[in-house]
Amino acid sequence: MSKLSRRDFLKSAAVQSAIAAATSMMPGVSFAWDDSRKGQASTDIAWKKAPCRFCGTGCGLLIGIAKGRAVAVKGDPQAEVNKGTLCVKGYHSIQALYGKDRLRKAYIRKDGKLQEVPMKDALDFIAAKMKSTIQESGKDSVAVYGSGQWTIPDGYVASKLFKGCIGTNNVEANARLCMASAVTGFLTTFGLDEPMGCYADIEHADTFVLWGNNMSEMHPVLFSRILERKRTHSNTLIIDFATRRTRTSVAADKSILFTPQTDLAVANAICYELFRTGKVNEAFVRDHCTFKKGKTNIGYGTEDTFKFKDKAEASSLEEYKTFLADYTPEKVSALSGVSADDIRYMASLFGDPQRNVVSFWCMGMNQHTRGTWINNLVYNIHLLVGKISKPGNSPFSLTGQPSACGTVREVGTLTHKLPKGVVMREKDRRRAARIWQVPYENIPSKPTYHTVDMFRALDRGEVKFLWIQVTNPMVTMPNLQRYRDGAKKEGRFVVVSDVYPTPTTSIADVILPAAMWIEREGMYGNSERRTQHFEQLLQPPGEAMSDTWQLIEVARRLGFSKQFPWSEKEHIEKIWNEYIQFHDTPKHRMAPYETLKAEPGVVWPYVNGKSTLWRYNPTYDPAARKGQAVDFYGKPEGKAWIWLRPYEAPAESPNAEYPFWLNTGRVIEHWHTGSMTRRIPTLHQAMPEAYVEVNPRDAKRLGIRHGDNVKITSRRGSIVMKAAILFRGNPPQGQVFVPFFDENYLINELTLDAYCPISKQPDYKKCAVKIEKA
């Protein structure tokens, strides 16, 4: 068979048929190519830069704009994050703008039915409802629930309006569900949030330990950088430490499976081995670490009345060694299913002075009833061997949303947070009041409801008005049936701002059409502390409006024009310039607006015109004190805390009646609840529906074949879906896995709303179910 030229291939009947099919499903989107291979589809296309709006990697895109539409996309070779590479979602990202059922008009529910209304009327109605609710039930009866997809201006305006102007701390975001444990892990160990390293660690490391992280599907561009490192440096090792085998396991040098929850014990066993083999960097620990212990047997948050506050107490090196004596490899092997030899092997990698080690994790560690603890324990390992805050040595928590870091963590859109500091601290409230131009007394000194608690409060009737923006909680909340029923109760009023109909818009009293991504100007902040600006490249459809401007319009109707005086043309720049006043110190300084516009991303702290790639290291970080290897300046004594954190069992484990673990997560084709990616024809066709992964031996015993309908039942509900056997991943015997992207299969009706008592992040990875052929 003769080899087709690129031009002939693109002109072939098969390719033309595929293009015709895609175009018919996405009217107005053209698919063009460049015969000269110089990256420009046609002369009438203008290429514009923007960060990808899927996951927290922050890949740089070049988007082709022609005749007022986005018509092409490619990776930006100047973007340091992805260096011109994209994943399948990035390459198809612009198609998410053009689904046939895109929301273009506002709706108000009247007599049980949604009726189209002008946007102005909907905004008037929302403001009036907020006023009357506050008058009748108090400030804490209204709340806003946002997202790690909020841009930085979105989150900043929401926090200013609700905390500063209205005077309630009822501000939360869905990032509570995905990275809150990373936050509390960083804070309790280092005193400051977010990673000390950056993606450039990949090019300096030769050992990658992936803690419960299917990185090949969840962060494929970063994983491709790891694979390229391995290709060019033959001594590079990838260790997949997980509860099921995935595509990441296939690419890894070693795949090690552990029983759910026992990562706590394995991490302690690694530390035990480091001491036993003399691999602890004693000078580093002496000079830069101190020892702490906290409360134990801390509960799981399943009760509405649950309250917990940890208390750090002083410990010592000797007490720590005594604590670790309970975590010998042999003891932990019996608990975890990990062989003692594999535990020793992992310890040897961390302890080898010739190896640079990066630990990566995401939901596997964070969605955990002891999520804060396991974050602390991985930091312990890196601290004991001094492999931290220098190129190629880093513990690194990845995020799953484009601005979970920039908006939720940095702006502080959680009930206890402010753009700098916390509501509990007087000086932080005074700073916020001064910048926001509100009375200091306006900002309450106590947090109210974290996410799970907020939806419980909505169910109980304490929260009566809830504005949901850029998220789909009627798919993502654990123990979902309770919270969906609660939102539909009499006396509840729910506003939803979104781009498409979802199960969450289906329970809304008002729906506002939102401008999406490049239909407005904004900034995201990615996993490596990189702030990325993007211009408005397109006009939003119909009356769709950015979430920022929706909030400003309602704020003005509530009487807060003084606090929100900006014109629509300049408001993003003005908001940014106001926001960065909170961070005008070398420890967290942000880049000027003009710099953000000029560069594909800037890593904070931004000091003396330079990004800080490695924090706490005086060679790279101007805020760190000179003359020492590291300065953990987030803690008063400049030392990181090594925590004594034990193994504790999960909230729910398999038993005779419910003999399987249920684990949930994502697939490479779809993002979160699929409300955008399932409207992208190529991605939907590649993965059209959710499924349940069953181990082949369990399937044989139960008479289940690939494609059979299987009924999965937990103590909270049941669902029927198709079985997948050796399809994408393979759970061990006694475990099943279900992705949550498909709103036709609401797997979170089965999950348990237990959470880490410190971070308040739910555990979506562990509950007990039974399965049977349907």
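One structure accompanies this document, and this report is about it. Only a predicted model underlies this, so the values are computations on that prediction, with no experimental measurement involved.

This paragraph deals with the overall build of the protein chain. When its secondary structure is counted, the protein chain shows 26 helices and 29 strands. For 774 residues, the compact-globule estimate of 2.2 N^0.38 gives 28 Å, and the protein chain sits close to it at 25 Å. When its C-alpha atoms are laid out on the principal axes, the protein chain stretches across 75 × 70 × 55 Å. Across the 774 residues in the protein chain, those meeting the buried criterion constitute 64%. If you take every contact in the protein chain between residues at least 6 apart in sequence, the share linking residues at least 24 apart comes to 72%.

All right, on to helix H22 (residues 547-557) then. With nine of eleven residues buried, H22 lies mostly within the body of the structure. If you check which residues of H22 are buried, you get Asp 547, Thr 548, Trp 549, Gln 550, Leu 551, Ile 552, Glu 553, Val 554 and Ala 555. In this structure, the buried residues of H22 make contact with helix H4 (119-137), helix H5 (152-166), strand E15 (465-469), strand E16 (493-498), strand E17 (510-513) and helix H23 (571-579). Immediately downstream of H22, the backbone of Gly 559 shows phi near 100°, a positive value.

This part is about empty space enclosed by the protein. Taken as a whole, this structure holds three cavities of 30 Å³ or more when the rule is applied. Volume-wise, the second largest cavity comes out at about 90 Å³. Every residue along the wall of the second largest cavity is listed here: Cys 52, Phe 54, Cys 55, Thr 57, Cys 59, Leu 86, Cys 87, Lys 89, Gly 90, Met 218, Pro 220 and Val 221. Elements represented by at least two residues in the lining of the second largest cavity include exactly helix H3 (88-91) and helix H8 (220-232). Here the lining of the second largest cavity is built from residues that sort into nine nonpolar, two polar and one charged.

Mapping Val 694 onto the fold places it in strand E25 (residues 692-694). On the basis of relative accessible area, Val 694 is assigned to the buried category, the value being 1%. For the pair formed by Val 694 and Val 738, sequence separation is 44 residues and the distance between their alpha carbons is 9.5 Å. For Val 694, the residues in contact, after removing those within four places along its chain, are Ala 699, Ala 723, Ala 724, Ile 725, Asn 730, Pro 731, Val 736 and Ile 771.

It is worth spelling out the sheet that holds strand E10 (residues 254-257) at this point. Strand order in this open sheet of five strands is E10-E9-E8-E13-E14, and the pairing throughout is parallel. A single partner strand is all that each edge strand has here, and the edge strands are E10 and strand E14 (394-397). The sheet shows a mean angle of 15° between the axes of neighbouring strands, direction not considered. Where strand E9 (residues 237-242) meets E10, four bridges bridge the pair, whose relative direction is parallel. Across the sheet, residue Phe 241 finds its bridge partner in E10, namely Ile 256.

A cis amide bond links Trp 604 to the next residue, Pro 605, at an omega of -5°. Here Pro 605 shows up in the loop between strand E20 (602-603) and strand E21 (606-607). Of note, Lys 83 is a non-glycine position whose phi angle comes to about 55°, a positive value. Mapped onto the secondary structure, Lys 83 falls in the loop between strand E3 (69-75) and H3. Using a relative accessible area of 49% as the deciding quantity, one classes Lys 83 as partly exposed. One non-glycine residue, Asn 479, adopts positive backbone phi at about 50°. The class of Asn 479 is buried, set by a relative accessible area of 15%.

A few words on the nonpolar core. By size, the foremost hydrophobic cluster in this structure holds 88 residues, and its most contacted members are Phe 190, Trp 211, Ile 270, Tyr 320, Leu 383 and Phe 632. It is helix H16 (residues 371-385) that provides the largest number of residues to this core, a total of nine residues. Discounting chain neighbours no more than four positions away, the residues touching Phe 190 are Met 196, Tyr 379, Leu 383, Ile 388, Tyr 616, Phe 632, Gly 634, Lys 635 and Ala 640. Ranked by size, the runner-up nonpolar core spans 62 residues in total, among them Ala 432, Trp 549, Val 602 and Trp 604.

Before going further, it helps to examine the side chain of Thr 57. As for its placement among the helices and strands, Thr 57 is situated in the loop between strand E1 (46-51) and strand E2 (60-66). Thr 57 gets classed as buried once you look at its relative accessible area, which sits at 2%. Apart from residues no more than four positions distant in its own chain, Thr 57 is found in contact with Val 81, Tyr 199, His 219, Leu 222 and Asn 526.

To continue, consider the packing of helix H10 (residues 263-276) against helix H13 (residues 329-336). Close contact between H10 and H13 brings their axes to 9 Å; oriented N to C, the two are set at 165°. Here H10 lies roughly antiparallel to H13, going by the angle between them. The element H10 and its partner H13 pack so that their crossing is left-handed. The segment H10 lies against H13, with Ala 265, Val 266, Ala 269, Tyr 272 and Glu 273 engaging Pro 329, Val 332, Leu 335 and Ser 336. Across the contact of H10 with H13, the residue classes break down as seven nonpolar, one polar and one charged.

Let us look at the side chain of Asp 240. Following the sequence through the fold, Asp 240 ends up in strand E9. Buried Asp 240, no salt bridge; nearest opposite-charge side chain is Arg 245, N-O distance 5.7 Å.

The strand order around the closed barrel formed by six strands is E24-E28-E25-E27-E26-E29, and the pairing between neighbours is mixed. Sheet twist, expressed as the mean angle between neighbouring strand axes with direction ignored, is 45°. Here strand E26 (residues 709-713) pairs with strand E27 (residues 718-724) via five bridges, running antiparallel. Its bridge partner lying in E27, Val 710 is registered against Met 721.

Criteria and thresholds
- Residues numbered from 1 in each chain as written.
- Predicted model: local features only at pLDDT ≥ 70, side-chain atom pairs only at ≥ 80, totals over all residues.
- Heavy atoms only, no water.
- Helix = DSSP H or I, 4+ residues; strand = E, 2+ residues; numbered from the N terminus.
- Rg over C-alpha atoms; globule rule 2.2 N^0.38 Å.
- Buried < 20%, exposed > 50% of the residue type's maximum accessible area, 1.4 Å probe, protein only.
- Contact = heavy atoms within 4.5 Å.
- 1 Å grid on protein atoms, 1.4 Å probe; cavity = no way out; pocket = protein on both sides within 12 Å on 5 of 7 lines; lining within 4 Å.
- Points joined across faces, edges and corners; volume = space filled by probe spheres on them.
- Nonpolar A, V, L, I, M, F, W, Y, C, P; charged D, E, K, R; others polar.
- Pairing = 2+ DSSP bridges.
- Axes fitted to C-alpha atoms, helices over the stretch in contact; angles between N-to-C directions.
- Core = buried A, V, L, I, M, F, W, Y, C linked by side-chain atoms within 4.5 Å.
- Parallel < 35°, antiparallel > 145°, perpendicular 65-115°, else oblique.
- Left-handed = near helix turned anticlockwise from the far one by under 90°.
- Lys, Arg positive; Asp, Glu negative; His and termini not counted.
- Salt bridge = Lys/Arg side-chain N within 4 Å of Asp/Glu carboxyl O.

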